[in-house]
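Structural overview for review
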Amino acid sequence: MLSKNRLSLLNEKKLIIFDFDGVIIDSKINMSLAWNSVRRELKTKILFKNYFKNIGPPFIEILKKIKFEKNYKDANIIYNKAALDNQHKIKLFLGAKKIIKKLYEKKITCLVTTKPNTRVKKLIKKFDLKFDYIFCPEDFAPFKPNPKIIFNLKNKLNLDLSEIVYIGDMPIDRKFARLAGVDFIHASYGYGKKVKNENNIKDLKDLYNNIFKK
């Protein structure tokens, strides 16, 4: 849960930055189908569970971490095609649309995701989500956990780091926030179950209640 000192600070935050997978959307089935297409077409023995436990960085960085032995470019093409073909398998987490809409009306909102821009645009349109800023790997380099995105937004919006909060579910998300020097809220319902963090939310309704129902 969120500590009491952080609860009182949430209303003062001006910029709310979200991770996408595991926080707003549940895309695990989609990722599994996409990775299995890579396995089948490129004949790799690397299981989805090994791929999945390394998610967080951009796709090519994941391939490096799992010591993928085939052509990275081919894998990227196959994965993205399969992910697009199975995009109907992606669902919003409970309360996501409501909290994103409410935050968009009251705060500055940003999405930082390692999903490719083309797939993100389709999902944003499908679920009718709105953000003031969206960053994908093609749009910004270096990408998370490098904190440059947050520093650029801070300067652009003339904010203090204390006015920014980042919400993610994986260890790389916590590192991203810490390197930037901003508060981090762990989405404990997401994919990174073992992330140790002082401030956690069990669902997006929890975040909604702590910001708007005081």
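These notes cover the structure that comes with them.

What counts and what doesn't
Residues numbered from 1 in each chain as written. Predicted model: local features only at pLDDT ≥ 70, side-chain atom pairs only at ≥ 80, totals over all residues. Heavy atoms only, no water. Helix = DSSP H or I, 4+ residues; strand = E, 2+ residues; numbered from the N terminus. Rg over C-alpha atoms; globule rule 2.2 N^0.38 Å. Buried < 20%, exposed > 50% of the residue type's maximum accessible area, 1.4 Å probe, protein only. Phe/Tyr/Trp six-rings, centres within 6.5 Å; stacked < 30°, edge-to-face > 60°. Pairing = 2+ DSSP bridges. Contact = heavy atoms within 4.5 Å. Disulfide = S-S within 2.5 Å. Salt bridge = Lys/Arg side-chain N within 4 Å of Asp/Glu carboxyl O. Axes fitted to C-alpha atoms, helices over the stretch in contact; angles between N-to-C directions. Parallel < 35°, antiparallel > 145°, perpendicular 65-115°, else oblique. Left-handed = near helix turned anticlockwise from the far one by under 90°. Right-handed = clockwise from strand over helix to strand, strands pointing away.

Concerning the overall build of the protein
Helix and strand counts for the protein stand at 10 helices and eight strands. Against the 2.2 N^0.38 benchmark of 17 Å for 214 residues, the protein shows a C-alpha radius of gyration of 17 Å, consistent with a compact globule. Every one of the 214 residues in the protein was classed for burial, and the buried ones make up 53%.

Quick look at the packing of aromatic side chains
Summed over the entire model, instances satisfying the criterion amount to 14 aromatic pairs. Within the aromatic cluster, the residues linked to one another by ring pairs are W35, F48, Y51, F52, F59, F68, Y72, Y79 and Y191.

Quick word on the sheet that holds strand β4 (residues 108-112)
Read from one edge to the other, the open sheet built from six strands follows the order β5-β4-β1-β6-β7-β8, with strand pairing classed as parallel. What marks the edges here is a single partner per strand, and that holds for β5 (133-135) and β8 (200-201). Direction of pairing for strand β6 (residues 164-168) relative to strand β7 (residues 183-187): parallel, over a ladder of four bridges. By the bridge assignment, G168 is partnered in β7 with H186.

A look at the environment of N86
The topology assignment puts N86 in the loop between α5 (72-85) and β3 (91-92). The exposure class assigned to N86 is buried, which follows from its relative accessible area of 19%. Residues N86 and G168, 82 residues apart in the sequence, show an inter-C-alpha distance of 24 Å. Apart from residues no more than four positions distant in its own chain, N86 is found in contact with N30 and L33.

What about the state of the cysteines?
If you walk through the whole model with that rule in mind, you get zero disulfides. Note on C110: no disulfide assigned, nearest cysteine sulfur contributed by C136 at a separation of 10 Å. We classify C136 as buried; its relative accessible area is 0%.

Quick notes on the pattern of salt bridges
Going through the model one piece at a time under the given rule, you end up with nine salt bridges. Across the pair K144 and D19 runs a salt bridge whose closest N-O atoms are separated by 3.0 Å. Of the two residues, K144 sits in the loop between β5 and α8 (148-157) while D19 sits in the loop between β1 (15-18) and β2 (25-26), which places them 125 residues apart along the sequence. Like K144, the residue D19 is buried in the burial classification. A salt bridge links K81 to D85; the nearest nitrogen and oxygen atoms lie 2.9 Å apart. One end of the pair, K81, and the other, D85, are both in helix α5, four residues apart, so they sit about a helical turn from each other.

Observations concerning the packing of helix α2 (residues 28-42) against α5
For the pair α2 and α5, interaxial distance at closest approach is 8 Å and the crossing angle is 135°. Classified by the angle their axes make, α2 and α5 are oblique. Judged by the twist between their axes, the crossing of α2 over α5 is right-handed. Across the interface between the two elements, N30, M31, L33, A34, W35, S37, V38, E41 and L42 of α2 pack against D74, A75, I78, Y79, A82 and A83 of α5.

Describing the pairing of β6
Regular strands place their side chains on alternate faces of the sheet. Across the five residues of β6, five count as buried, placing the element largely inside the fold. Note: β1 against β6, four bridges, orientation parallel. Bridge assignment links L15 to a residue of β6, and that residue is I164. For the crossover from β6 across helix α9 (residues 171-180) to β7, the handedness is right-handed.

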